[in-house]
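Coordinate inspection notes
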Amino acid sequence: MRYFGLTLGLVAVLAAACWLVFFRAACDPQVHAAAAAGDVMGWMRCEFKLTETQYIAIKRLHEEHDGECVRHCEAVGAARDRLEAARKGGDATAVAAAEQQEQAAAELCRASTEAHVRRVAALMSPGQGERYLRMVLPRLADLDHRGPANLSLGH
């Protein structure tokens, strides 16, 4: 019992040292630096091991998609405004029509974004593209339709 505290302390220090060594060995500092800076494109470059050519092509795709995304999200916003007005008016037929318009606009936006994500994945190596799709496609159901995603990992 005399050395129990000392032994416990040494085991804790050894465990912390092992964790640090394995953490440093298993993690790419560039990925962490890009994530800490909020740089999605930098993070993608490291996380999916993009070549310079892939990086430039994907960045161009994102820039091209932004305009299309703005138009789709504006259409969703306008449909939501019509739906709100129809609800205030109390006309059930107008509400149903406005709901259909809002759903159609949201689905067009989601489908366009999915096509964009698939084009991005197609520019990656097959394994990395599949991993990207597994990571991103499930998130498309949560689109807020407020415009293009801010390519920043920050707040």
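If you're wondering where the values come from, they're calculated on a predicted model, not measured in any experiment. (Residues numbered from 1 in each chain as written. Predicted model: local features only at pLDDT ≥ 70, side-chain atom pairs only at ≥ 80, totals over all residues. Heavy atoms only, no water.)

1. A closer look at unusual backbone geometry
Trans is the common state for peptide bonds, and a negative phi is the common state for residues other than glycine. If you check the backbone angles, Lys49 has positive phi at about 50° while not being a glycine. The residue Lys49 is located in the loop between α3 (40-47) and α4 (52-89) in this model. According to the relative accessible area criterion, Lys49 is exposed, its value standing at 61%. (Helix = DSSP H or I, 4+ residues; strand = E, 2+ residues; numbered from the N terminus. Buried < 20%, exposed > 50% of the residue type's maximum accessible area, 1.4 Å probe, protein only.)

2. Points about a nonpolar patch on the surface
Nonpolar side chains collect at one region of the surface, where Tyr3, Leu6 and Leu10 lie side by side and expose about 360 Å² of accessible area between them. By secondary structure assignment, the location of Leu10 is in helix α1 (residues 4-26). (Patch = residues over 30% accessible without salt bridge, like charges linked within 9 Å, V, L, I, M, F, W, Y side chains within 5 Å. Areas by Shrake-Rupley, 256 points an atom, 1.4 Å probe, with all protein chains shown as cover. Salt bridge = Lys/Arg side-chain N within 4 Å of Asp/Glu carboxyl O.)

3. A short note on the nonpolar core
Within the largest apolar cluster, 16 residues are counted, with the highest numbers of intra-cluster contacts made by Met44, Phe48, Leu50, Ile58, Val120, Met124 and Tyr132. Where this core is concerned, the elements lending two or more residues are α3, α4, α5 (92-123) and α6 (126-136). With 4 residues, the single largest contributor to this core is α3. Those residues in contact with Leu50 that lie beyond four places of it in its chain are Met44, Arg45, Tyr55, Ile58 and Met124. Among the nonpolar cores identified, the runner-up in size contains 6 residues, and Cys73, Val76, Ala105 and Ala106 belong to it. (Core = buried A, V, L, I, M, F, W, Y, C linked by side-chain atoms within 4.5 Å. Contact = heavy atoms within 4.5 Å.)

4. Concerning the side chain of Ser112
On the secondary structure map, Ser112 appears in helix α5. A polar side-chain atom of Ser112 sits 3.5 Å from a polar atom in the side chain of His72. Apart from residues no more than four positions distant in its own chain, Ser112 is found in contact with His65, Glu68 and His72. (Polar contact = N/O pair within 3.5 Å; in protein donor to acceptor, adjacent residues only side chain to side chain.)

5. Some words on the pattern of salt bridges
Counted by the stated rule, this structure contains 9 salt bridges. Across the pair Glu64 and Arg60 runs a salt bridge whose closest N-O atoms are separated by 3.7 Å. Here Arg60 and Glu64 lie together in helix α4, a separation of 4 residues that amounts to about one turn. The closest approach of N and O atoms between Arg80 and Glu102, which form a salt bridge, is 3.1 Å. Here Glu102 lies in helix α5 and Arg80 lies in helix α4, a separation of 22 residues in the sequence. Judged by relative accessible area, Arg80 falls into the partly exposed class, the value being 35%. A network of salt bridges, in which partner residues are shared, links Glu107, Arg110, Glu114 and Arg118.

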